[in-house]
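Breakdown of the fold
The lines below spell out each chain.
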Amino acid sequence: MKKLLYAVLLIGVSSALSPAFAEGNIVIAKNEATKKPVKKTVKKAAPAAATAAGATASAAVDDDDEDLGEANIEGSIVNNFNCELGNKITTYYNASDDKHIAIRWKDKVHRMRRIGTSTGANRFENRKAGLVWIHIPSKAMLLDSRKGQQLANECRDPEQAKALAAKVKS
């Protein structure tokens, strides 16, 4: 029960803070544009260091633009979610691969990679598409990590919808 509470709190805090961080980045970008360029001196040992730093920077870019490949949904376990505002999401799981899922959102299928969490929530990301899928026992949500906003919230599969209806009746 504590894990569920922590997961719900984490989701609420992250959705509340994401727009604030997005606005903060805009302000920082404006401040950086007004700064005067600083002349840098380069030492002879710097090219080796620059090469190492460039390799690290390109690795970070590759990680952000990771290509998870095409989603193979053939033979998958299909789960349909109904969300707020009439949004619908379909997830595809393979029993043999618990590290990846595929999500159909707006008539496009995205392959997503599992990201470990301390709360026990199932979190999947596709950084190239900028999508994050978080699934907890009571609901699921789809987030846009680039804009820092929710795309679909209060998503429930038929089992979760039944459990919610039973809870509301009692």
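Shown above is the structure to which this text applies.
Residues numbered from 1 in each chain as written. Predicted model: local features only at pLDDT ≥ 70, side-chain atom pairs only at ≥ 80, totals over all residues. Heavy atoms only, no water.

1. Notes on the overall build of the protein
Along the backbone of the protein there are three helices and eight strands. Reading the secondary structure of the protein in the N-to-C direction produces α-α-β-β-β-β-β-β-β-β-α. Within the protein, counting contacts between residues at least 6 apart in sequence, those at least 24 apart form 36% of the total. On the protein, roughly 12200 Å² of surface is accessible, and the fraction owed to carbon and sulfur atoms is 57%. (Helix = DSSP H or I, 4+ residues; strand = E, 2+ residues; numbered from the N terminus. Contact = heavy atoms within 4.5 Å. Areas by Shrake-Rupley, 256 points an atom, 1.4 Å probe, with all protein chains shown as cover.)

2. Let's talk about the nonpolar core
Among soluble globular proteins, nonpolar side chains are generally buried collectively. Ile89, Ile103, Met112, Trp133, Leu142, Ala152 and Cys155 are the most contacted members of the largest nonpolar core, which has 14 residues in total. Considering every element that reaches this core, the biggest residue donor is strand E3 (residues 97-105), with three residues. Not counting residues up to four positions away in its chain, the partners in contact with isoleucine 103 are Ile89, Thr90, Thr91, Lys108, Val109, His110, Met112 and Trp133. Counting six residues, the second largest nonpolar core, distinct from the first, contains Ile134, Ile136, Met141 and Leu143. (Core = buried A, V, L, I, M, F, W, Y, C linked by side-chain atoms within 4.5 Å. Buried < 20%, exposed > 50% of the residue type's maximum accessible area, 1.4 Å probe, protein only.)

3. Some details on the pattern of salt bridges
Across all of its chains, the model carries five salt bridges by this definition. Its salt-bridge partner being aspartate 97, residue arginine 111 comes within 3.7 Å of it at the nearest N-O pair. Taken together, the positions of arginine 111 in strand E4 (residues 108-115) and aspartate 97 in strand E3 put the pair 14 residues apart, joining distant regions of the chain. Judged by relative accessible area, arginine 111 falls into the partly exposed class, the value being 24%. One salt bridge in this structure joins glutamate 154 and arginine 156, with 2.9 Å as the shortest N-O distance. The class of glutamate 154 is partly exposed, set by a relative accessible area of 25%. Within the structure, one salt-bridge network assembled from shared partners comprises Arg123, Glu125 and Arg127. (Salt bridge = Lys/Arg side-chain N within 4 Å of Asp/Glu carboxyl O.)

4. Considering the environment of asparagine 72
Position of asparagine 72 among the secondary structure elements: in the loop between helix H2 (46-64) and strand E1 (77-82). For asparagine 72, a relative accessible area of 56% gives the class exposed. In this structure the C-alpha to C-alpha distance between asparagine 72 and asparagine 94, which are 22 residues apart in sequence, comes to 9.3 Å.

5. Section: the pairing of strand E8 (residues 149-155)
Sheet topology places strand E7 (residues 140-144) next to E8; four bridges connect them, and they run antiparallel. When the bridges of E8 are listed, leucine 142 appears paired with alanine 152. If you look at the hairpin formed by E7 and E8, you'll find four residues sitting between the two strands, and glycine 148 has a positive phi there, around 70 degrees. (Pairing = 2+ DSSP bridges.)

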